[in-house]
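Spelled out, the chains give:
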Amino acid sequence: MKKYLSIENVCMSYEGNKGGKKVLEDISFSVFKGEFLALLGPSGCGKTSLLKIIASFLKTERGAVYKEGKRLTGPGPDRIMVFQEFTQLFPWKTVLDNVIFAIRTGGNNKDSSEKKEIAQYYLEKVELSDVLDYYPAQLSGGMKQRAALARALAADPEILLMDEPFGSLDSQTRRKLQDLLINIWQEDQKTILFVTHDLEEALILADRIILMDKNPGRVKRIMENNLKRPRHRRNVEFVQHYETISSL
Amino acid sequence: MKNNKIIQRIFWIFLLALLWQILFWSGRFSTLVFPSLLEIGRTLIQALISGELRQQLMFSLSIILQGILLSLFLALFLSLIAQFSRIGASLLDTLLAISHPLPGIALMPLVLIWIGIGKEAILFIIIHSVLWPLVLNLRTGFSSIPAIYTLVGKNYGLKNLSLFFQIMVPASLPYLLAGLKIGWARAWRALISAEMLFGAINSIGGLGWYIFQKRVFFDLPGVFAGIILIIIIGVLVEDFIFSKIEKHTVIKWGIKL
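Residues numbered from 1 in each chain as written. Chains lettered and ligands numbered in written order. Predicted model: local features only at pLDDT ≥ 70, side-chain atom pairs only at ≥ 80, totals over all residues.

**Section: the overall build of chain A**
Now for step 1: In terms of helices and strands, chain A carries seven helices and 10 strands.
Now for step 2: Overall, chain A is about 50 × 45 × 40 Å in size when its C-alpha atoms are taken along their principal axes.
Now for step 3: Within chain A, the proportion of its 248 residues that are buried is 39%.
Now for step 4: Contacts spanning at least 24 positions in sequence make up 69% of the contacts within chain A whose residues lie at least 6 apart. (Helix = DSSP H or I, 4+ residues; strand = E, 2+ residues; numbered from the N terminus. Buried ≥ 20, exposed ≤ 12 C-beta atoms within 10 Å, placed from the backbone. Contact = placed C-beta atoms within 7 Å.)

**Some thoughts on helix 10 (residues 206-216) of chain B**
All names here are of chain B.
Now for step 1: Helix 10 sits mainly inside the fold: eight of its 11 residues count as buried.
Now for step 2: Among the residues making up helix 10, those that are buried are Gly 206, Leu 207, Gly 208, Trp 209, Tyr 210, Ile 211, Phe 212 and Lys 214.
Now for step 3: Summarising the contacts, the buried residues of helix 10 are in contact with helix 3 (52-84), helix 9 (173-198) and helix 11 (220-248).
Now for step 4: Count one or two residues on from helix 10 and you reach Phe 218, which has phi positive near 55 degrees.

**A short note on the pairing of strand 8 (residues 191-196) of chain A**
All names here are of chain A.
Now for step 1: Judged by how many residues are buried, strand 8 sits mostly within the fold: six of six residues are covered.
Now for step 2: Here strand 8 shows no split at all, with Thr 191, Leu 193 and Val 195 on one side and Ile 192, Phe 194 and Thr 196 on the other all buried.
Now for step 3: Where strand 3 (residues 36-40) meets strand 8, five bridges bridge the pair, whose relative direction is parallel. Bridging across to strand 8, Leu 40 finds its partner in Thr 196.
Now for step 4: Relative to strand 8, strand 7 (residues 159-163) runs parallel, the two being bridged by five bridges. (Pairing = 2+ DSSP bridges.)

**Structural notes on the confidence of the model for chain B**
Now for step 1: For chain B, per-residue confidence averages 91 on the pLDDT scale, and residues scoring 70 or more make up 99% of the total.
Now for step 2: Reported confidences for the modelled complex are a pTM of 0.88 and an ipTM of 0.91. (pLDDT = per-residue confidence, 0-100.)

**A word on the packing of helix 3 of chain B against helix 9 of chain B**
Residues and elements named next belong to chain B.
Now for step 1: Closest axis-to-axis distance for the helix 3/helix 9 pair is 11 Å, and the angle between their directions is 135 degrees. Comparing the axis directions of helix 3 and helix 9 gives the class oblique. Seen from above, helix 3 lies across helix 9 with right-handed handedness. Packed against helix 3, whose contacting residues are Ser 60, Ile 63, Ile 64, Gly 67, Ile 68 and Ser 71, the element helix 9 presents Gly 183, Trp 184, Ala 187, Trp 188, Leu 191 and Glu 195 at the interface.
Now for step 2: Partitioning the contact of helix 3 with helix 9 into residue classes produces seven nonpolar, four polar and one charged. (Axes fitted to C-alpha atoms, helices over the stretch in contact; angles between N-to-C directions. Parallel < 35°, antiparallel > 145°, perpendicular 65-115°, else oblique. Left-handed = near helix turned anticlockwise from the far one by under 90°. Nonpolar A, V, L, I, M, F, W, Y, C, P; charged D, E, K, R; others polar.)

**Some remarks on the nonpolar core**
Now for step 1: Val 99 and Leu 193 of chain A together with Ile 126 of chain B are the most contacted members of the largest nonpolar core, which has 127 residues in total.
Now for step 2: Top contributing element to this core by residue count: helix 6 (residues 119-143) of chain B, with 14 residues.
Now for step 3: Discounting residues that sit within four places of it in the chain, Val 99 of chain A has contacts with Ala 119, Tyr 122, Leu 123, Ala 150, Arg 151 and Ala 154 of chain A. (Core = buried A, V, L, I, M, F, W, Y, C linked by C-beta atoms within 7 Å.)

**Remarks on the sheet that holds strand 7 of chain A**
Residue and element names in this part refer to chain A.
Now for step 1: The strand order 6-7-8-3-9-10 describes an open sheet built from six strands, whose pairing is mixed. The open sheet has two edge strands with one neighbour each: strand 6 (79-82) and strand 10 (218-224). Taken over all neighbouring pairs, the strand axes of this sheet differ in orientation by 20 degrees on average, direction set aside.
Now for step 2: Bridge count for strand 6 against strand 7 is four bridges, and the pairing is parallel. Looking at the pairing, Met 81 lines up with Leu 161 of strand 7.
Now for step 3: Each of strand 3, strand 6, strand 7, strand 8 and strand 9 (208-213) touches helix 1 (residues 47-54); the most contacted strand, strand 8, lies at about 155 degrees to it.

**Structural notes on the environment of Tyr 242 of chain A**
All names here are of chain A.
Now for step 1: Mapped onto the elements of the fold, Tyr 242 is located in helix 7 (residues 236-246).
Now for step 2: For the pair Tyr 242 and Phe 101, spaced 141 residues apart in the sequence, the C-alpha separation amounts to 40 Å.
Now for step 3: Ignoring anything within four residues of it in the chain, the contact list for Tyr 242 reads Leu 199, Glu 200 and Leu 203.

**Topic: the interface of chain A and chain B**
Now for step 1: Counting residues at the interface gives 21 residues for chain A and 15 residues for chain B.
Now for step 2: Contributing elements (two or more residues each) for the side of chain A that touches chain B: strand 6 and helix 2 (95-104) of chain A.
Now for step 3: In terms of residue class, the side of chain A that touches chain B is built from 15 nonpolar, five polar and one charged.

**Side note on the packing of helix 2 (residues 37-50) of chain B against helix 11 of chain B**
Helices that pack against each other are described as a pair by the angle of their axes relative to one another and the distance between those axes.
Residues and elements named next belong to chain B.
Now for step 1: As a packed pair, helix 2 and helix 11 sit with axes 8 Å apart at the nearest point and diverge in direction by 70 degrees. In terms of axis orientation, helix 2 runs roughly perpendicular to helix 11. Residues Glu 39, Ile 40, Thr 43, Leu 44 and Ala 47 of helix 2 lie in contact with helix 11, whose contacting residues are Pro 221, Gly 222, Phe 224, Ala 225, Ile 228 and Leu 229.

**Brief notes about unusual backbone geometry**
Residues and elements named next belong to chain A.
Now for step 1: Looking along the chain, the bond that leaves Asn 215 and enters Pro 216 is cis, with omega of -10 degrees.
Now for step 2: With respect to the helices and strands, the residue Pro 216 is situated in the loop between strand 9 and strand 10.
Now for step 3: Between Arg 229 and the following residue, Pro 230, the backbone shows a cis peptide bond with an omega angle of -5 degrees.
Now for step 4: With a phi angle near 50 degrees, Asp 26 is a residue other than glycine that sits in the positive phi range.
Now for step 5: Mapped onto the secondary structure, Asp 26 falls in strand 2 (residues 19-32).
Now for step 6: Notably, Glu 68 is not glycine yet its phi reads approximately 50 degrees, a positive angle.
Now for step 7: Within the fold, Glu 68 resides in the loop between strand 4 (62-67) and strand 5 (70-71).

What follows is the structure, encoded as structure tokens:
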């Protein structure tokens, strides 16, 4: 597999009252095309900042991010971010219109019935066909995150940047959405960068896990996760992996 | 709950009307300065049917509507410029600081000299009353948009103008509506005063002028008929039109302030 996305020597600090606080220190790793990569670390390790740098929402102090050799300079629909916050859907648009929004600005000049069909296709994928005409305020947290996922998919990005999208959900809904995400990823073969602080989630989802440390945020270790799919949380190998990594 | 509120309101209005009528029956005041409710009601209905009051009402409403629409476009345009130009923003904020506290009525003598009397003069006063609260609220609204909306907008490829109209304007609608409410209240007051001052052209001078003219002829039922109509319009717009708009937008979206 060849390098697709590469993060090279990225440093970043936040301006504070007592000088800058170093958030990320010399982060380097690469991502392969079609890979499911998890960024795992405690809160405050800068994993969200790193994701925002890859999305070009934040600027680096040093270092840069390259996609297929080209330096990334601004946000774009090739890298769509899915946030943890339930407020990421536009409250003034229905679920369907939120998804159609992604298609319209995807750059293609599709007519409205075609767009609607595409949006319905993705909403069906995330099992939201019943609530097309609902407004986000009428949805549960899990439904909002599904809709956000559908919107991201509808933009047809090359890379999905997911910032603990299931972090605020109850564990049952969370597992359902993890399974759903794996299915979608296996069908669409998108590259996914998934930020989480939950080891179990990383083990269930990712091909590789980048373990991060805090103060300042840095890469501690990069691990292959070769567990066979479909993965089960009670499987002996899974538990062994879990124990090994959590003892690190 | 809401029905209860309406019933309470009707009850109080009925009680106040009854008090009025008792005062009238007591005969303590001359009927010339203290007309009976019945007479006021009769005058109101007659003036509406004969078209005399209706024409004045239409004049007032059309002028205020034009004023509000023009102000809305102007406010959007100015805050658009301020959003994308630092110099524009600093100029607009200064203009806002100067003009917002200035009551429209204070400008009337000047308007009389510069523009003269008539529709344009009233329109000017209305725009002055509506524009600044609208701009102020839009500026506040833009700066309180949750960052996530603009991030998502940019992520999906929106830039400048499309970001402004597709994300910033709808996201700040609660503030825009609040500004419109304040603007309406101020414009309605300014309108009535301006009409009294500027008088009529071809006997059509609006509700304010109608009241003023009735006073000249010492027609107090006429004066009260005009006042009651002003109250009714005010209540209808604030309690009915604005709450309808809110119900179908910001309340439905769950982003009411």
